[in-house]
Amino acid sequence: MTSLKFFLFLLITIFISHSVSADEWPTIELAGIDLSAAKRIQIEKDPVYKTAKEYEAIPLAQVLSQFSKTDLAAKDSVVVFVAKDGYSVSMALADAMSEHGYIAFRDTEAPSGQKWLTFKFGKETTTPAPFYLVWPTQGLDKWRYPWPFQLASISLQPASTYFGAAAPAKKTDAIRTGFNLFSTYCIRCHSVNLSGGQVGPELNIPKNITEYFIEAELAGFILNAPAYRSGTKMPSFEKILDRQKAEAIVNYLKHMKNEKAGTK
Ligand code: HEC
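All figures in this text were calculated on a predicted structure; none of them were measured in a lab.

Engineer: Now, about helix H6 (residues 173-185): what can you tell me, with residues and values included?
Structural biologist: For H6, built from 13 residues, the straight-helix expectation of 18 Å at 1.5 Å per residue is met to within 8% by its first-to-last C-alpha distance of 18 Å. Inspection of H6 places Ile175, Arg176, Gly178, Phe179, Leu181, Phe182, Ser183, Thr184 and Tyr185 among the buried residues, and these make up the whole buried set. Considering only its buried residues, H6 is in contact with helix H5 (159-162), strand S11 (191-192) and helix H8 (243-255).

As structure tokens, then:
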């Protein structure tokens, strides 16, 4: 597999276990959104089509502004993008508001009468219909700014709901920072308290990773696992995270030793 496919595979197919119930959290059904303010946006290199693209799209911020001010002000909420098959991916609300994301609904190269062109996804041939989240700004970190397609709705959920028992109950700034990083870069592959992905090992149950891993090496391993283990399935984060961020993740992981939940 090329790294890109691997990357997309991660984004779209791993961590997403639960489907979102529309009436439980504030939810915007994309089928009902107003497309009259649409504009054409250009993407230098689309990760799905692997080429330059132009879409008709509306600003993500405009879509999110349909949530109430109270919902948008809630601390520790994440924006959850739900695909029509129930798969979902989340991102930090601050990230969703800070960069120029767009909800694309038509490929300008599509033949008349059609909205999208097909692309290959694994063995399937598919399209991003009905909606696709895209980021025209070049060079954004794709872990923080995901490109989910076939979107049906967007909801705002408390991290403790979306990430379950992996979300810390204790919320100091340091623990919150560490968990935000963990939920952005790690949880799609790793569970904590049995909540999260299953590509990599569980990191808290029954033993916390800091209870058996040399703690001083942990940040180094997180930054660059291939420098420790040849053939590891864990990607290097050296170009994305720095030591301070890796230490913040270690701090969160170590804290979770005090919040063990679930058994195995
Ligand atoms: C693409 C999936 C993937 C992502 C993303 C990922 N890991 Fe891993 N990680 C793995 C796999 C798989 C292993 C164990 C087997 C191996 O080395 O291939 C592993 C091993 C580890 C280990 C060592 C545990 C052990 O007993 O082997 C730690 C600690 C760890 N990961 C932390 C993290 C942290 C923190 C992040 C986020 C910055 C992260 N991982 C992101 C897949 C991933």
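Engineer: An account of the sheet that holds strand S1 (residues 27-29) is needed here, citing residue identities and associated values.
Structural biologist: Taken together, four strands build an open sheet; the order of strands is S1-S10-S4-S5 and the sheet is antiparallel. The sheet is open, and its two edges are formed by S1 and strand S5 (88-92), each paired on a single side. Direction aside, the axes of adjacent strands within the sheet are offset by 20 degrees on average. Across five bridges, the pairing between strand S4 (residues 77-83) and S5 is antiparallel. If you follow Phe81 over to S5, its bridge partner there is Val89.

Engineer: Describe the domain arrangement of the chain, and please don't skip the residues or the numbers.
Structural biologist: By the assigned domains, the chain splits into domain 1 (3-162) and domain 2 (165-259). On the domain 2 side, the residues contacting the twelve residues of domain 1 number 16 residues. The junction of domain 1 with domain 2 conceals about 1,300 Å² of combined surface from both sides, 65% of it contributed by carbon and sulfur atoms. Scanning the region where domain 1 abuts domain 2 turns up one salt bridge.

Engineer: Please provide a residue-by-residue account of the sheet that holds strand S9 (residues 132-134), values included.
Structural biologist: Taken in spatial order, the four strands of this open sheet run S2-S3-S6-S9, and their pairing is antiparallel. If you trace the sheet from one side to the other, it starts and ends with strand S2 (39-43) and S9, each paired once. Mean inter-strand twist for the sheet, computed between neighbouring axes without regard to direction, equals 55 degrees.

Engineer: Tell me about the coordination of the iron atom of the ligand, and please be specific about residues and values.
Structural biologist: Around the iron atom of the ligand, the protein supplies His190 (NE2) and Met234 (SD) as donor atoms, at distances of 1.9 to 2.1 Å. Metal-centred angles of 86 to 177 degrees between the six donor atoms at the iron atom of the ligand mark the site as octahedral. Taken together, the residues His190 in the loop between H6 and S11 and Met234 in the loop between helix H7 (215-223) and H8 connect sequence positions 44 residues apart. A relative accessible area of 12% places His190 in the buried class. Given a relative accessible area of 19%, Met234 falls into the buried group.

About the thresholds
- Residues numbered from 1 in each chain as written.
- Predicted model: local features only at pLDDT ≥ 70, side-chain atom pairs only at ≥ 80, totals over all residues.
- Heavy atoms only, no water.
- Helix = DSSP H or I, 4+ residues; strand = E, 2+ residues; numbered from the N terminus.
- Expected span 1.5 Å × (residues − 1).
- Buried < 20%, exposed > 50% of the residue type's maximum accessible area, 1.4 Å probe, protein only.
- Contact = heavy atoms within 4.5 Å.
- Pairing = 2+ DSSP bridges.
- Axes fitted to C-alpha atoms, helices over the stretch in contact; angles between N-to-C directions.
- Domains from an automatic or database assignment.
- Buried area = accessible area lost by both parts, 1.4 Å probe.
- Salt bridge = Lys/Arg side-chain N within 4 Å of Asp/Glu carboxyl O.
- Donors = N, O, S within 2.8 Å, 3.2 Å for Na, K, Ca; no water.
- Tetrahedral: all angles 85-135°; square planar, octahedral: opposite > 155°, others 65-115°.

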